[in-house]
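The chain contents come next:
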Amino acid sequence: MPNAVNRVDVVIIGGGIAGVTAASHLAPHCQVALLERESQLAHHTTGRSAAIFLENYGGPVNRRLSIGSRAFLESHADGLADVPLLNPEGMLDVGGPEAVAELTELATAGAALVPSIRLVDEPEILELAPAIRPGVVVAGVWEPDAATLDVMALHQAFVRGARNNGATIVRDATVRSLSRSHGVWTVESDAGHWEAPIVVNAAGAWGDVVGKMARARPLGLEPRRRTAFTVQTDFDTESWPFVNHSLEPRRCYFKPEAGGQLLCSPADETLSEPCDARPEEIDVARAIDAVNELTILDIRSVKTAWAGLRTFAPDRDPVLGWDDQVDGFCWMVGQGGTGIQTAPASGEVVSAIVRGEPLPRMLRDLDLTETDLAPRRPR
Ligand SMILES: Cc1cc2nc3c(=O)[nH]c(=O)nc-3n(C[C@H](O)[C@H](O)[C@H](O)COP(=O)(O)OP(=O)(O)OC[C@H]3O[C@@H](n4cnc5c(N)ncnc54)[C@H](O)[C@@H]3O)c2cc1C
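Report on the accompanying structure. (Residues numbered from 1 in each chain as written. Predicted model: local features only at pLDDT ≥ 70, side-chain atom pairs only at ≥ 80, totals over all residues. Heavy atoms only, no water.)

With respect to the site of the ligand
Consideration 1: Contacts to the ligand come from 36 residues, most closely from E36, T46, I52, G336 and Q341.
Consideration 2: Taking T45, its main chain carries an N or O atom lying 3.2 Å from an oxygen atom of the ligand.
Consideration 3: Contact between the ligand and I340: an oxygen atom at 3.0 Å from a main-chain N or O atom of the residue.
Consideration 4: Bound to the protein, the ligand loses 97% of the 1000 Å² it would expose on its own.
Consideration 5: When the residues that make up the shell around the ligand are grouped by side-chain class, the tally is 14 nonpolar, 16 polar and six charged.
Consideration 6: Both domain 1 (5-50 + 151-220 + 315-373) and domain 2 (91-144 + 222-312) contribute no fewer than three residues apiece to the shell around the ligand. (Near = heavy atom within 4 Å. Polar contact = N/O pair within 3.5 Å; in protein donor to acceptor, adjacent residues only side chain to side chain. Areas by Shrake-Rupley, 256 points an atom, 1.4 Å probe, with all protein chains shown as cover. Nonpolar A, V, L, I, M, F, W, Y, C, P; charged D, E, K, R; others polar. Domains from an automatic or database assignment.)

Describing unusual backbone geometry
Consideration 1: Between E248 and P249 the backbone carries a cis peptide bond, its omega angle lying at 0°.
Consideration 2: Relative to the helices and strands, P249 is located in the loop between β16 (242-245) and β17 (252-256).
Consideration 3: Even without glycine at this site, R316 takes up a positive phi of about 65°.
Consideration 4: On the secondary structure map, R316 appears in the loop between β20 (304-312) and β21 (319-322). (Helix = DSSP H or I, 4+ residues; strand = E, 2+ residues; numbered from the N terminus.)

Side note on the side chain of T174
Consideration 1: Mapped onto the elements, T174 comes out in the loop between β10 (168-170) and β11 (175-181).
Consideration 2: Dropping the residues within four chain positions of it, T174 is found in contact with E36, R37, E188, S189 and D190. (Contact = heavy atoms within 4.5 Å.)

Here's the deal with the packing of aromatic side chains
Consideration 1: The final tally for this structure, using the stated rule, is five aromatic pairs.
Consideration 2: Summarising the aromatic geometry, the rings of F235 and W240 are spaced 5.7 Å apart at their centres and angled 50° between planes, so their arrangement reads as tilted.
Consideration 3: Plain terms: the ring middles of F242 and Y253 are 5.2 Å apart, the flat faces sit at 70° to each other, and that makes the pair edge-to-face. Separated by 11 residues along the polypeptide, F242 in strand β16 and Y253 in strand β17 bring together distant segments of the chain. With respect to class, F242 is no different from Y253; both count as buried.
Consideration 4: An aromatic cluster is present here, built from W185, F329 and W331 joined pairwise through their rings. (Phe/Tyr/Trp six-rings, centres within 6.5 Å; stacked < 30°, edge-to-face > 60°. Buried < 20%, exposed > 50% of the residue type's maximum accessible area, 1.4 Å probe, protein only.)

Some thoughts on helix α4 (residues 100-113)
Consideration 1: For α4, built from 14 residues, the straight-helix expectation of 20 Å at 1.5 Å per residue is met to within 8% by its first-to-last C-alpha distance of 20 Å.
Consideration 2: Listed in full, the buried residues belonging to α4 are L103, A107 and G110. Each buried residue of α4 sits inside an arc of 70° when the element is viewed along its axis, so together they form one side. Exposed side chains of α4 directed beyond 90 degrees from the buried face belong to A101, E105, T108 and A112.
Consideration 3: Close packing links the buried residues of α4 with α2 (60-74), β6 (91-95), β7 (118-121) and β8 (139-143). (Expected span 1.5 Å × (residues − 1). Arc of directions from axis to C-beta.)

Some details on the pattern of salt bridges
In a structure, side chains of opposite charge can pair up when their charged atoms sit close to one another.
Consideration 1: In this structure the tally under the stated criterion is 24 salt bridges.
Consideration 2: As a salt-bridge pair, E195 and R7 come within 3.0 Å of each other at their nearest N and O atoms. Note that E195 is positioned in strand β13 (residues 192-196) and R7 in strand β1 (residues 5-7), a separation of 188 residues in sequence.
Consideration 3: Note on R7: relative accessible area 58%, which makes it exposed.
Consideration 4: Between R278 and D276 there is a salt bridge; the shortest N-O distance is 3.4 Å.
Consideration 5: With a relative accessible area of 55%, R278 lands in the exposed category.
Consideration 6: Accessibility expressed as a relative area gives 30% for D276, which makes it partly exposed.
Consideration 7: Here the residues in one salt-bridge network are R217, D323, D324 and R376, joined through shared partners. (Salt bridge = Lys/Arg side-chain N within 4 Å of Asp/Glu carboxyl O.)

As for the side chain of R63
Consideration 1: Position of R63 among the secondary structure elements: in helix α2.
Consideration 2: Although R63 lies buried, it forms no salt bridge, and the closest oppositely charged side chain, E143, sits 7.7 Å away as judged by the N-O distance.
Consideration 3: At 2.5 Å, the side chain of R63 and the side chain of N56 are in polar contact.
Consideration 4: Contacts of R63, omitting those with residues within four sequence positions, involve E55, N56, Y57, G58, L106, A109, G110 and L113. (Lys, Arg positive; Asp, Glu negative; His and termini not counted.)

Re the environment of L363
Consideration 1: With respect to the secondary-structure elements, L363 resides in helix α10 (residues 361-365).
Consideration 2: In this structure L363 comes out as buried when scored by relative accessible area, which is 3%.
Consideration 3: Remark: the alpha-carbon pair of L363 and G68, spanning 295 residues in sequence, is separated by 6.2 Å.

Remember, this is a structural readout, not a statement about activity or role.
Take a look at the structure:
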């Protein structure tokens, strides 16, 4: 339909978790079209995550959005998901003597928002995570209510929520240009021309590229590559927690997967252009060394490796809100390493902002304001 003009209330650009949560939360209120460049939704960062839900991770804004998302995730996405979205799996942040001060601070900040978070010593760490090599770590932060997320089920739940309420989702629909006249955007895409008074930019690593099409000032978004891979072990990993070590030279994390496998990562953050990210052998090798130093696992080979772009605003908080200079242009970018776990609350926020409503009560009670999320917030 290249020459047809399709009129809706909101065009959302991007079919990752951000775009579909916005579509699902907006569709009950207005006509929505979501345009995705790839022939498959969630092809980029959303399809490449480690699938972890942590409340003690990121800055204060991310923590509040994560906490504000838990009830929705526990409710099977308000009944839209057929399977549980959260599967309990504790989280241990560990370190040697040089990390004790940082870990103590992390435990204190975490416990202020989530009282079950606490500092643990080496004997308890070895009990919780028997793979850790004795004598390597001295302290850890234990987050017992951390969980594994079913990312694809969550993404599908949002797609269902959007479609059930009449949203149109179009793939192979690269957006090529945006222009605005008399309060209406014309969105030219490979799947035709769309008109809408409002555009939501949920383009992930391409957020500033899409912003430029709208003539918005760039936010300075930084896509950063993160590598992950799976390995087979001889251990029964099922009851192990997710383990993170944030300081070099043992910077890495690992997380149990079904059948004795582990998902590992060097926790890398290499600056990148927006692209279809691929893993670099050197990053995988670094992670294997780090995991082998930290544990008794003796990893030698990798099953599958991949990489994705975690995209950050300069202050590393997500950007959810109206551009201050371009009318009808709403940013939904900069989700960094928490875009899946914060998606339910972020979708509610964008829906409220687009409809001119106050932020959801639950987030206001957590002291989150529109200014905290706005593109030009004080930094
Ligand atoms: C290795 C790794 C581990 C991670 N672990 C976790 C985790 O445990 N927990 C967590 O919460 N988060 C995690 N993340 C982060 C999380 O995956 C991201 O924050 C989230 O997926 C971002 O979603 P998004 O929708 O913004 O981006 P994307 O999924 O990248 O979606 C953006 C979409 O926009 C489309 N697009 C761009 N330009 C255009 C255009 N011009 N026209 C049409 N479409 C366009 C792209 O094709 C893309 O599909 C991890 C990320 C990585 C890489």
